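Each chain, written out:
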Amino acid sequence: MKQPRAVVMGAGVGGLTAAAALHRSGWAVTVLERAATLEPVGAAISLTPNAQRALDVIGLGDDIRALAAWRGDGELRTPGGRRLARMDGAAANGRFGGPTVLLHRATLVDLLASRLPGDLVRTGAAAELADPGAADRPARVTVADEELEAELVVAADGIHSAARGVLFPGRPGPRYAGFTTWRIVAPAPARPFTPHETWGRGRLWGTQPLLDGRVYAYAAAFTPEGGRAPDDERAELLRLFGDWHRPIPDLLAAVEPGDVLRHDIRHQTEPLPAYHRGRTVLLGDAAHAMAPTLGQGGNQAIEDAVVLAHHVAAGDAAHAADLPGALAAYTRDRLPRTMDIVRRSALSSRMPALSSAPAVALRDAVVAAVSRLVPGLLLRGFDGIADWRPPGPQQGRARQGPGGPDRSSRAATRGRADR
């Protein structure tokens with residue numbers, strides 16, 4: 001039987017996970033990456049237990065768990081340093097089956113790339129979707145002066161996906177979520193610190209440790225779209241956060257202006273009709289861009305990748321007669337789940353977005369009271385997210401949340417049976 005061909009457009013976290021999962025399940029994979037190198041844009045990424053279990057499928061779950069420097073303990077604070085709530089890492093681990101692991105994106109990309117033969121990834125290859133394909137013809141992708149045909153194309157080409165416009169012309173894409181973000185990786189401050197997120201008036205800051213001793217920090221401000229600092233973004237952070245509690249001023253003093261990344265946040269609040277058309281599927285931000293307030297953008301791309309590979313396993317649904325049903329099952333599994341998380345992420349941004357003094361005072365009082373009277377209530381916001389398990393047999397160490405497989409996993413299994 002001829003080995004089926006897959007072209008993956010984009011070598012970010014989702015694209016590389018898809019390539020590794022498809023390669024592992026019998027596909028002949030080619031990855032096309034526009035950038036000249038695989039060095040990712042961004043600072044760090046948090047992998048919650050759902051993504052770690054997905055990475056078990058390609059044998060990476062334990063490698064990721066070994067990088068855990070932060071076990072989920074932390075605090076929610078005010079800019080002056082007053083604690084509003086405490087996050088209990090042990091309770092989160094017990095509820096969801098493991099810790100959240102924070103690591104540099106470059107580390108994750110290197111680990112994912114290590115699961116692929118070196119000749120599968122082509123950098124400096126700006127690809128365009130020429131034809132999404134159909135049941136009776138392959139999909140076609142053009143790159144430079146070459147055209148590639150494939151039984152499957154995975155469009156993991158990011159939030160500004162050109163492939164999305166080819167599949168669903170005229171549909172609204174991601175829209176501004178109302179806030180901009182900054183990210184830095186800084187040397188550890190001289191004084192020890194407790195990992196924390198701090199909410200101010202329409203602004204927030206978070207500080208978390210990395211395994212190598214450095215610190216990942218992120219900030220956000222609810223501001224009109226397209227803004228830029230008149231001088232540099234480090235100076236802007238100093239204006240916005242320089243008088244907040246330690247270690248925030250220390251971290252800002254330790255980074256250079258060029259080390260600060262700034263991006264407006266966009267999210268896909270209006271769902272697409274499907275995540276596939278013909279022989280082409282959308283994955284990650286190309287399908288369901290979301291606000292980072294629940295930390296699920298990269299995690300959901302990883303989930304997408306292993307669910308897709310599950311449905312199109314070579315020797316099963318990879319060939320012409322079965323592929324349309326397999327891709328429809330992928331849409332059925334992923335669209336409801338990811339759009340629910342898009343909505344939940346948007347809702348979770350409303351609390352730090354408050355800017356009037358009375359509203360902020362009320363918010364802080366309520367959060368403090370709830371944290372004191374109902375410990376663990378904040379963790380419930382991740383129910384149905386962090387306890388997810390991938391469909392089908394797993395490779396490596398399988399972990400199960402206390403509630404067993406969630407509805408999405410069970411639907412994935414039904415989707416294969418339905419075909």
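Look above for the structure.
Residues numbered from 1 in each chain as written. Predicted model: local features only at pLDDT ≥ 70, side-chain atom pairs only at ≥ 80, totals over all residues. Heavy atoms only, no water.

Visitor: With reference to specific residues and values, describe the overall build of the protein chain.
Guide: Check the secondary structure of the protein chain and you find 14 helices and 18 strands. Computed over its C-alpha atoms, the radius of gyration of the protein chain comes to 21 Å, within 12% of the 22 Å expected for a compact globule of 419 residues. Expressed as a percentage of contacts within the protein chain between residues at least 6 apart in sequence, the contacts between residues at least 24 apart total 74%. Summed over its atoms, the accessible surface of the protein chain is roughly 17200 Å², and 52% of this surface lies on carbon and sulfur atoms. Each charge class in the protein chain was averaged separately, 50 positive and 44 negative side chains, and the resulting centres sit 7 Å apart. (Helix = DSSP H or I, 4+ residues; strand = E, 2+ residues; numbered from the N terminus. Rg over C-alpha atoms; globule rule 2.2 N^0.38 Å. Contact = heavy atoms within 4.5 Å. Areas by Shrake-Rupley, 256 points an atom, 1.4 Å probe, with all protein chains shown as cover. Lys, Arg positive; Asp, Glu negative; His and termini not counted. Charge placed at Lys NZ, Arg CZ, Asp CG, Glu CD.)

Visitor: Give me the lowdown on the pattern of salt bridges, citing residues and values where you can.
Guide: All chains considered together, the criterion is met by 24 salt bridges. A salt bridge links Asp 304 to Arg 334; the nearest nitrogen and oxygen atoms lie 2.6 Å apart. Highlighted residues: Asp 304 in helix α10 (residues 297–311) and Arg 334 in helix α11 (residues 323–348), separated in sequence by 30 residues. Through salt bridges that share partners, Asp 131, Arg 137, Arg 140 and Glu 147 make up one connected network. (Salt bridge = Lys/Arg side-chain N within 4 Å of Asp/Glu carboxyl O.)

Visitor: So what's going on with the sheet that holds strand β8 (residues 127–131)? Which residues, and what values?
Guide: Taken in spatial order, the three strands of this open sheet run β8-β9-β10, and their pairing is antiparallel. Looking at strand neighbours, the two that pair on one side only are β8 and β10 (146–150), the edges of this open sheet. Here the strands of the sheet are splayed against their neighbours by 30° on average, with no regard to which way each runs. Pairing analysis gives four bridges linking β8 to strand β9 (residues 139–143), with the strands arranged antiparallel. Within β9, the position partnered with Asp 131 by the bridge is Arg 140. (Pairing = 2+ DSSP bridges. Axes fitted to C-alpha atoms, helices over the stretch in contact; angles between N-to-C directions.)

Visitor: Would you mind going over the packing of aromatic side chains in detail, with residue names and values included?
Guide: Tallied over the entire structure, the rule returns four aromatic pairs. Between Tyr 216 and Tyr 218, the aromatic rings sit 5.9 Å apart at their centres with planes inclined by 40°, giving tilted as the arrangement. The pair Tyr 216 / Tyr 218 is uniform in exposure class, with both members buried. Within the aromatic cluster, the residues linked to one another by ring pairs are Trp 205, Phe 241 and Trp 244. (Phe/Tyr/Trp six-rings, centres within 6.5 Å; stacked < 30°, edge-to-face > 60°. Buried < 20%, exposed > 50% of the residue type's maximum accessible area, 1.4 Å probe, protein only.)

Visitor: Got a sec to walk through the packing of helix α1 (residues 13–24) against α10? Specific residues and values, please.
Guide: Contact geometry for α1 and α10: axes closest at 8 Å, N-to-C directions at 25°. With respect to their mutual orientation, α1 and α10 come out roughly parallel. In this structure, α1 crosses over α10, and the sense of that crossing is right-handed. On α10, the residues that touch Val 13, Gly 14, Thr 17, Ala 18, Ala 21 and Leu 22 of α1 are Gly 298, Ala 301, Ile 302, Ala 305, Val 306 and Ala 309. Split by residue class, the contact of α1 with α10 holds nine nonpolar, three polar and no charged. (Parallel < 35°, antiparallel > 145°, perpendicular 65-115°, else oblique. Left-handed = near helix turned anticlockwise from the far one by under 90°. Nonpolar A, V, L, I, M, F, W, Y, C, P; charged D, E, K, R; others polar.)

Visitor: Describe the sheet that holds strand β15 (residues 215–222), listing the residues and the values that go with them.
Guide: As summarised here, the arrangement of the seven strands in space is β5-β4-β13-β14-β15-β12-β16, forming an open sheet in which the pairing is mixed. Two strands bound the open sheet, and with one partner strand each, they are β5 (83–87) and β16 (261–267). Put simply, the sheet's adjacent strands are angled 20° from each other on average, direction ignored. Both strand β12 (residues 175–186) and β15 contribute to a ladder of eight bridges, which runs antiparallel. Within β15, the position partnered with Thr 180 by the bridge is Ala 221. Strand contacts of helix α13 (residues 357–373): β4 (74–77), β5 and β13 (196–199), with the helix running at about 40° to β5, the strand carrying the most contacts.

Visitor: Tell me about the nonpolar core, and name the residues and values.
Guide: Judged by nonpolar contacts, the single largest core of 79 residues is most densely connected at Leu 22, Leu 47, Leu 152, Val 154, Leu 282 and Val 312. The element contributing the most residues to this core is α11, with eight residues. Formed by 19 residues, the second largest nonpolar core is a distinct cluster that contains Ala 43, Leu 102, Trp 199 and Tyr 218. (Core = buried A, V, L, I, M, F, W, Y, C linked by side-chain atoms within 4.5 Å.)

Visitor: Now, about the side chain of Thr 198: what can you tell me, with residues and values included?
Guide: By the element assignment, Thr 198 lies in strand β13. Accessibility expressed as a relative area gives 0% for Thr 198, which makes it buried. A polar contact of 3.1 Å, which involves the side chain of Thr 198, links it to the side chain of His 196. Of note is the side chain of Thr 198, whose polar atom sits 2.6 Å from the side chain of His 245. Setting aside its immediate chain neighbours within four residues, Thr 198 contacts Arg 77, Thr 78, Pro 79, Arg 203, Leu 204, Trp 205, Trp 244 and His 245. (Polar contact = N/O pair within 3.5 Å; in protein donor to acceptor, adjacent residues only side chain to side chain.)

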